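Notes for the structure review
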Amino acid sequence: SETESKQRGLLIVIEGLDKAGKSTQCKLLTKSLNAINIPSKYLHFPMRTTAVGKIIDDYLNKRIELHDSAVHLLFSANRWEYEAEMISDMKSGVTLVVDRYSYSGVAFTAAKPGFSIDWCRGPEIGLPRPDLVIFLSLSQDVAAGRGDFGEERYEVDTFQKKVLSNFKQLIEPEWKILDASRPIKAIQKDIKEQVLEVMNEIGECVIERLWT
Ligand code: 2DT
Ligand code: MG
């Protein structure tokens, strides 16, 4: 009817360590939501195709060196440069399925010497707050069994351990922690269930902001 306004899209974030299956699950979710006529878009931060993203890609592939603080701000800028589009997508009913977000931003930089979680949160304040955060949890053993790390910066066991301990400090009560060692389909089933549940609750609620 005319009085019934369209439900906004959700901001769904999937976080977790390397090799937890974030990208696989995000892509499957996007596909399956679109298949049931819930318009959805897959996003992955860092978004390496933008001007800022290209610098981040150079840094991650060790083609350039940058100050750790500068890199942190670039990762954040890479989200801010997409903020207007995220908001307009959600307002027009598109659900965003996001592979890494501000939590990775904080957990990774805070794993470097001299960086506090508090300082790392600063530039993220005001970004759209996710409606649902799913954390794919994987033990070190299972992760190791999924093959070697790549050659990018941060793809080092000792660093990943610090990142995990930072993630643990960021977990909020509403987060859904899923065991990522299970088969892809089983994890996907749980994720979809959580998403549909949140979708029923959200309705036309305002888009909240991070860490305010
Ligand atoms: P991918 O492997 O997902 O492409 O990430 N990272 C990511 C940060 O340090 N800060 C951030 O804000 C984000 C989103 C995680 C490449 C690496 O970049 C790290 C791994
Ligand atoms: Mg990677």
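Residues numbered from 1 in each chain as written. Chains lettered and ligands numbered in written order. Predicted model: local features only at pLDDT ≥ 70, side-chain atom pairs only at ≥ 80, totals over all residues. Heavy atoms only, no water.

**Here's the deal with the site of ligand 1**
Every residue close to ligand 1 is listed here: His-44, Phe-45, Pro-46, Arg-48, Leu-60, Phe-75, Arg-79, Arg-100, Ser-104, Gly-105, Phe-108 and Tyr-154. Note that an oxygen atom of ligand 1 is positioned 2.7 Å from one of the side-chain N or O atoms of His-44. Here an oxygen atom of ligand 1 sits 2.9 Å away from a polar atom, N or O, in the side chain of Arg-79. Within the complex, 93% of the 460 Å² of free accessible area of ligand 1 lies under protein. Elements supplying a minimum of two residues to the shell around ligand 1: helix 3 (68-80) and helix 5 (102-109). Considering each element in turn, the shell around ligand 1 owes the most residues, three residues, to helix 5. Among the residues forming the shell around ligand 1, the class breakdown is six nonpolar, three polar and three charged. (Near = heavy atom within 4 Å. Polar contact = N/O pair within 3.5 Å; in protein donor to acceptor, adjacent residues only side chain to side chain. Areas by Shrake-Rupley, 256 points an atom, 1.4 Å probe, with all protein chains shown as cover. Helix = DSSP H or I, 4+ residues; strand = E, 2+ residues; numbered from the N terminus. Nonpolar A, V, L, I, M, F, W, Y, C, P; charged D, E, K, R; others polar.)

**A word on the packing of aromatic side chains**
By the definition in use, this model includes 10 aromatic pairs. Between Tyr-103 and Trp-211 the ring centres are 5.5 Å apart and the planes differ by 80°, which places this aromatic pair in the edge-to-face class. With Tyr-103 in helix 5 and Trp-211 in the segment after helix 9 (184-202), the pair connects residues that are 108 residues apart, well separated along the chain. Grouping residues by exposure puts Tyr-103 and Trp-211 together as buried. Ring plane angle 50° and centroid distance 6.2 Å describe the contact between Phe-108 and Phe-159, whose orientation is recorded as tilted. Separated by 51 residues along the polypeptide, Phe-108 in helix 5 and Phe-159 in helix 8 (residues 157-170) bring together distant segments of the chain. Considered together, Phe-108 and Phe-159 belong to a single accessibility category, that of buried residues. Among the aromatic residues, ring-to-ring pairing joins Tyr-103, Phe-135, Phe-167, Trp-175 and Trp-211 into one connected group. Over the aromatic face of Phe-149 sits the side chain of Lys-19, whose NZ or CZ is 4.1 Å from the ring centroid. (Phe/Tyr/Trp six-rings, centres within 6.5 Å; stacked < 30°, edge-to-face > 60°. Buried < 20%, exposed > 50% of the residue type's maximum accessible area, 1.4 Å probe, protein only. Lys NZ or Arg CZ within 6 Å of the ring centre and 35° of its normal.)

**So, unusual backbone geometry**
Going from Phe-45 to Pro-46, the amide bond is cis rather than trans, its omega being 0°. Here Pro-46 is to be found in the loop between strand 2 (40-44) and helix 2 (51-60). We note that Lys-19 has phi near 75°; this positive angle belongs to a residue other than glycine. Following the sequence through the fold, Lys-19 ends up in the loop between strand 1 (11-16) and helix 1 (22-35).

**Side note on the confidence of the model for the protein**
Predicted confidence across the protein gives a mean pLDDT of 95, with 97% of residues reaching 70 or more. Confidence, expressed as mean pLDDT per element, reaches its minimum in the protein at helix 7 (residues 140-145) with 84 and its maximum at helix 3 with 99. (pLDDT = per-residue confidence, 0-100.)

**Points about the side chain of Ser-32**
For Ser-32, the position within the fold is in helix 1. Among residues more than four places away in sequence, those in contact with Ser-32 are Gln-188 and Lys-192. (Contact = heavy atoms within 4.5 Å.)

**A closer look at the layout of surface pockets**
When its volume is computed, the largest pocket comes out at roughly 400 Å³. Residue lining of the largest pocket: 23 residues in total, with Asp-18, Pro-46, Arg-48, Arg-100 and Phe-108 positioned closest to the centre. Residue assignment for the lining of the largest pocket shows that the elements contributing at least two residues are helix 1, helix 3 and helix 5. The biggest single contributor to the lining of the largest pocket is helix 5, with four residues. When grouped by side-chain class, the residues that make up the lining of the largest pocket number seven nonpolar, six polar and 10 charged. Put simply, the second largest pocket is a space of about 350 Å³. Lining the second largest pocket are 19 residues, with Pro-130, Asp-131, Leu-132, Glu-174 and Ile-202 sitting closest to its centre. Broken down by secondary-structure element, the contributors of at least two residues to the lining of the second largest pocket are strand 4 (132-137) and helix 9. Here the element with the most residues in the lining of the second largest pocket is helix 9; it accounts for five residues. (1 Å grid on protein atoms, 1.4 Å probe; cavity = no way out; pocket = protein on both sides within 12 Å on 5 of 7 lines; lining within 4 Å. Points joined across faces, edges and corners; volume = space filled by probe spheres on them.)

**A word on the pattern of salt bridges**
Opposite charge on two side chains permits pairing when their charged atoms draw close. Within this structure, the stated rule accounts for 17 salt bridges. Notably, a salt bridge pairs Arg-48 with Asp-57, separated by 2.7 Å at the nearest N-O pair. Relative accessible area serves as the criterion here: at 29%, Arg-48 is assigned to the partly exposed category. Here Arg-129 makes a salt bridge to Glu-172, at a shortest N to O gap of 3.8 Å. Remark: Glu-172 occurs in the loop between helix 8 and strand 5 (176-179) and Arg-129 occurs in the loop between helix 6 (117-121) and strand 4; sequence separation between them is 43 residues. (Salt bridge = Lys/Arg side-chain N within 4 Å of Asp/Glu carboxyl O.)

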